[in-house]
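Structural overview
Given next are the chains, with one letter for each unit.
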Amino acid sequence: MADPRAPRLRLLRSGNIGPVTYRQLIARFGSAEAALDAIPMLAARGGGRAPVLADAARITREIAAVERLGARYLFLDDPDYPQLLAETESAPPALIVRGDLALVQRSCVAMVGARNASAAACRFARELAFRLGEAGVTVVSGLARGIDTAAHRGAIGGGTVGVIASGIDIAFPPENAELQEQVAREGLLVAEQPPGTEPLARFFPSRNRIIAGLSQGTVVVEAAPRSGSLITARLAAEAGRDVMAVPGSPLDPRAQGCNLLIREGATLIQSVDDILETIHPIDARAVRAPGGGFAGAPPQDASDSERRAVEALLGPVPVSVDELVRQSGRAPAAVQTVLLELELAGRLDRHAGARVSLR
């Protein structure tokens, strides 16, 4: 009997298929098999070549590797899929997980910061994470050096989730291999990439969106003005979640990012009580990401005039899908169909906040 996961994974692993496109294809065609058959036609309408479809044998090997590693798939429509993450526009259609899924059903707080963090910041992060665990809050981080490592070590006894940018069998940085295994055994380890995938630079922003999406709020302990930690904070804010920051000396470049966040409205954190006071009024079941993506099935086709109208409004600068609907005067479903065709043709990029640009 054929594995029902295989067509869904094959669709997800095919070229030019992102989370939004995946959901739209399933909504439109009803199944991954039908969507795979329709991709060449849709890409041609978008004015480009059809993307390369994932090899079925490769998917079979991936499924076997996941099972061999003691991990499992978690699809977006599974009842165990984290609810807060599912509410975000770019929620991964499939995750690979090892460990205790109950941890993401509790209140979750992300804790991120500098890789080259100061000793004082690491100690403070470790203490915050420990106290959050005592309060029954799960600490989510990215298993990187510095603040991430301190947060996981502090929370390991109370509940922690590690989200990685590689395959679930690859430890990065290498010195955290033992910690990553401990998180998988005693907490929860989450990966979006297939087993064997090395942690390339382009995977880290994707990892950060999962960290932010899993959590009711994100705490930044120490960060430079331009850092991955601030990307995570921005993604949290775009998803309607709380952003919190620990202040630092203006003389320390590693504190400038946190001080900037506070100046822009982030909650100032001096103790675990500040975090708990911020997140506890939130009912996790009521959180909804703004502009939560396309939910209904688009029409079977879009007219040539609709394609021309939408494409004429696109350029290299990202613009919101809502703005395209307003300016084009076309139905939202028709605009979504045109964007779907352009993306499958390799001519469209999607950005955070439901924005798109012409490639």
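Scroll up a little and you will see the structure.
Residues numbered from 1 in each chain as written. Predicted model: local features only at pLDDT ≥ 70, side-chain atom pairs only at ≥ 80, totals over all residues. Heavy atoms only, no water.

1. A word on the overall build of the protein
The following threshold applies: Every helix listed is a DSSP run of H or I at least four residues long, and every strand listed is a run of E at least two residues long, numbered separately from the N terminus. What makes two residues a contact is simply this: any of their non-hydrogen atoms within 4.5 Å. Surface accessibility in these figures is a Shrake-Rupley result with a 1.4 Å probe; residues are shielded only by whichever protein chains are displayed.
Each helix and strand counted, the protein has 15 helices and 12 strands in total. In the protein, of all internal contacts separated by at least 6 residues, the share reaching a separation of at least 24 is 72%. Surface summary for the protein: the accessible area is close to 15400 Å², and the carbon and sulfur share equals 52%.

2. Quick notes on the side chain of Thr160
What counts, and what does not: Exposed residues in this analysis have more than 50% of their type's maximum accessible area, buried residues have under 20%, and partly exposed residues fall in between, with area computed by a 1.4 Å probe over protein chains only. Polar contacts, as counted here, are pairs of nitrogen or oxygen atoms within 3.5 Å of one another; within protein the pair requires one atom able to donate a hydrogen and one able to accept it, and residues that are adjacent in sequence qualify only if both atoms are side-chain atoms.
Positionally, Thr160 belongs in strand S5 (residues 160-164). By relative accessible area, Thr160 is classed as buried at 0%. Polar contacts involving the side chain of Thr160 include one to the side chain of His152, which spans 2.9 Å. Beyond its immediate sequence surroundings of up to four residues, Thr160 is in contact with Leu103, Thr138, Val139, His152, Ala155, Val183, Gly187 and Leu188.

3. Some details on the sheet that holds strand S10 (residues 319-320)
Formally: Pairing between strands is defined by DSSP: at least two bridges between the two strands are required.
Strands sit in the order S10-S12-S11 across an open sheet of three strands; the sheet is antiparallel. The two strands at the open ends of the sheet, each matched to only one other strand, are S10 and strand S11 (348-351). Two elements, S11 and strand S12 (residues 355-358), share four bridges in a ladder whose sense is antiparallel. Its bridge partner lying in S12, His351 is registered against Arg355.

4. Points about the sheet that holds strand S3 (residues 108-112)
Going by this rule: Fitted lines through C-alpha atoms serve as axes, helices being fitted only where they are in contact, and the angles separating the N-to-C directions of these axes extend from 0 to 180 degrees.
Reading across the sheet, the nine strands line up as S1-S2-S6-S5-S4-S3-S7-S8-S9 and stay open at both edges, with mixed pairing between neighbours. Each end of this open sheet is capped by a strand with a single partner; those strands are strand S1 (72-75) and strand S9 (267-268). Along the sheet, helix H6 (residues 119-134) contacts S3 and strand S4 (138-141); its crossing angle with S3, the most-contacted strand, is approximately 170°.

5. Notes on H6
Where we set the bar: By this rule the span expected of a helix is its residue count minus one, scaled by 1.5 Å. An arc is given here, and it is the one of the directions from the helix axis to the C-beta atoms.
For H6, spanning 16 residues, the distance from its first C-alpha to its last is 23 Å, which sits close to the expected 22 Å at 1.5 Å a residue. Of the residues making up H6, those classed as buried are Ala121, Cys122, Ala125, Leu128, Ala129, Leu132 and Gly133. An end-on view of H6 places all buried positions within 135° of arc, on one side of the element. Opposite the packed face of H6, turned more than 90 degrees from it, sit the exposed residues Ala119, Ala120, Arg123 and Glu134. For H6, the elements touching its buried residues are S3, S4, helix H7 (147-155) and helix H12 (272-279). Among the residues trailing H6, Gly136 stands out with phi positive, at a value near 80°.

6. A closer look at the packing of aromatic side chains
Note the threshold: Two rings from Phe, Tyr or Trp (for Trp, the six-membered ring) form a pair when their centres are within 6.5 Å of each other. A pair whose planes differ by under 30 degrees is stacked, one over 60 is edge-to-face, and the rest are tilted. We call a charge positioned over a ring when the NZ of a Lys or the CZ of an Arg lies within 6 Å of the ring centre and within 35 degrees of the ring normal.
By the definition in use, this model includes two aromatic pairs. Ring geometry for Tyr73 against Phe75: centres 6.0 Å apart, planes inclined by 25°, an arrangement best described as stacked. Exposure class is identical for Tyr73 and Phe75. Each is buried. Between Arg8 and the ring centre of Phe75, over which it is positioned, the NZ or CZ distance is 4.3 Å.

7. Quick look at the packing of helix H1 (residues 5-12) against helix H4 (residues 56-68)
What counts, and what does not: Our angle categories are set so that under 35 degrees counts as roughly parallel, over 145 as roughly antiparallel, 65 to 115 as roughly perpendicular, and the remainder as oblique. By definition, turning the near helix anticlockwise from the far helix through less than a right angle yields a left-handed crossing, and turning it clockwise yields a right-handed one. Amino acid classes used here: Ala, Val, Leu, Ile, Met, Phe, Trp, Tyr, Cys and Pro are nonpolar; Asp, Glu, Lys and Arg are charged; the rest, including Gly, are polar.
Taken N-terminus to C-terminus, the directions of H1 and H4 make an angle of 110°; their axes are 9 Å apart at the nearest point. Compared by their axis directions, H1 and H4 come out roughly perpendicular. Along this stretch, H1 crosses H4, giving a crossing that reads as right-handed. In contact with Arg5, Ala6, Leu9 and Arg10 of H1, H4 contributes Ala56, Ile59, Glu62, Ile63 and Glu67. In terms of residue class, the contact of H1 with H4 is made up of five nonpolar, no polar and four charged.

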